[in-house]
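Each chain is listed here by its residues.
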Amino acid sequence: MKLRNTPEAYGAVAVTLHWLIALAVLTMLGVGFYMDWLPKGDPLVYPLFQFHKSLGLSILVLVVLRLLWRISNPTPALPAHMPRWERFAASATHYGFYAALLLLPLSGWVMVSASPYNIPTLYFGLFEWPHLGFVTQSPDKALYEDIAHEVHEILVWAALALIGLHAAAALRHHYMLKDTVLTRMAPWMRRPS
């Protein structure tokens with residue numbers, strides 16, 4: 001597999017970033033729902049929140065890298081048989097993913113920065129990630145926290161819907177339409193005949 005994309009398939013960099021982000025997002029969702037389920041005084045809450053924040057910031061960095069790679073390295077063309085509405089849906093889903101995967105960690109960062117508890121973010125226990133200064137010094141910290149919390153929750157459900165749509169479309173292309181849409185991003189899978 002080549003590092004860069006080709007007209008037929010994604011390259012190793014795009015594939016690696018895609019699957020790292022997918023694994024991180026699925027882990028984040030699981031940890032996030034589990035944290036919400038735990039009682040606030042549970043001893044697991046603090047380490048899970050630290051892990052959740054660290055992984056969220058990692059996703060932010062990975063998504064920025066993915067976007068920079070995508071801008072500098074054009075994506076393979078979609079199959080010629082795809083109708084216009086399906087091309088639009090694919091494009092809209094990808095833009096929706098990028099928006100959600102940027103705004104989810106940013107809204108989390110705003111929540112942490114605005115929290116009256118002022119708990120530091122210890123990035124995987126290695127160093128302290130700074131709070132957002134414009135939020136911590138604002139007289140409207142409570143408003144920032146409320147808005148960021150609402151945005152975060154809405155985006156979690158939007159991301160879940162996008163994941164379901166994305167997976168269903170990929171499986172449809174592979175098993176029903178028998179084209180190469182899925183194998184371009186999952187090169188270990190056999191191409192449909």
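Before any of the text, the structure's been laid out above.
Residues numbered from 1 in each chain as written. Predicted model: local features only at pLDDT ≥ 70, side-chain atom pairs only at ≥ 80, totals over all residues. Heavy atoms only, no water.

Enquirer: What is the right way to read the overall build of the protein from this model?
Expert: When helices and strands are tallied, the protein shows six helices and two strands. Listed by position from the N terminus, the elements making up the protein come as α-α-α-β-β-α-α-α. For the protein, the spread of C-alpha atoms along the principal axes amounts to about 55 × 30 × 30 Å. For the protein, buried positions account for 39% of its 193 residues. (Helix = DSSP H or I, 4+ residues; strand = E, 2+ residues; numbered from the N terminus. Buried < 20%, exposed > 50% of the residue type's maximum accessible area, 1.4 Å probe, protein only.)

Enquirer: Help me out: how do you make sense of the pattern of salt bridges in this one?
Expert: Opposite charge on two side chains lets them pair, provided their charged atoms get close. In the structure shown here, the tally under the stated rule is one salt bridge. Between arginine 172 and glutamate 86 there is a salt bridge whose closest N-O contact spans 2.6 Å. Separated by 86 residues along the polypeptide, arginine 172 in helix H5 (residues 141-176) and glutamate 86 in helix H3 (residues 84-114) bring together distant segments of the chain. (Salt bridge = Lys/Arg side-chain N within 4 Å of Asp/Glu carboxyl O.)

Enquirer: How should the packing of aromatic side chains be read in this particular structure?
Expert: Between two aromatic rings, the relevant description is the distance of the centres plus the angle of the planes. Taken as a whole, this structure holds ten aromatic pairs when the rule is applied. Judged by centre distance (6.4 Å) and plane angle (25 degrees), the rings of phenylalanine 127 and tryptophan 129 are stacked. Assessed through its relative accessible area of 41%, phenylalanine 127 is described here as partly exposed. A connected cluster of aromatic rings, assembled from ring pairs, spans Phe51, Trp109, Tyr123, Phe124, Phe127 and Trp129. (Phe/Tyr/Trp six-rings, centres within 6.5 Å; stacked < 30°, edge-to-face > 60°.)

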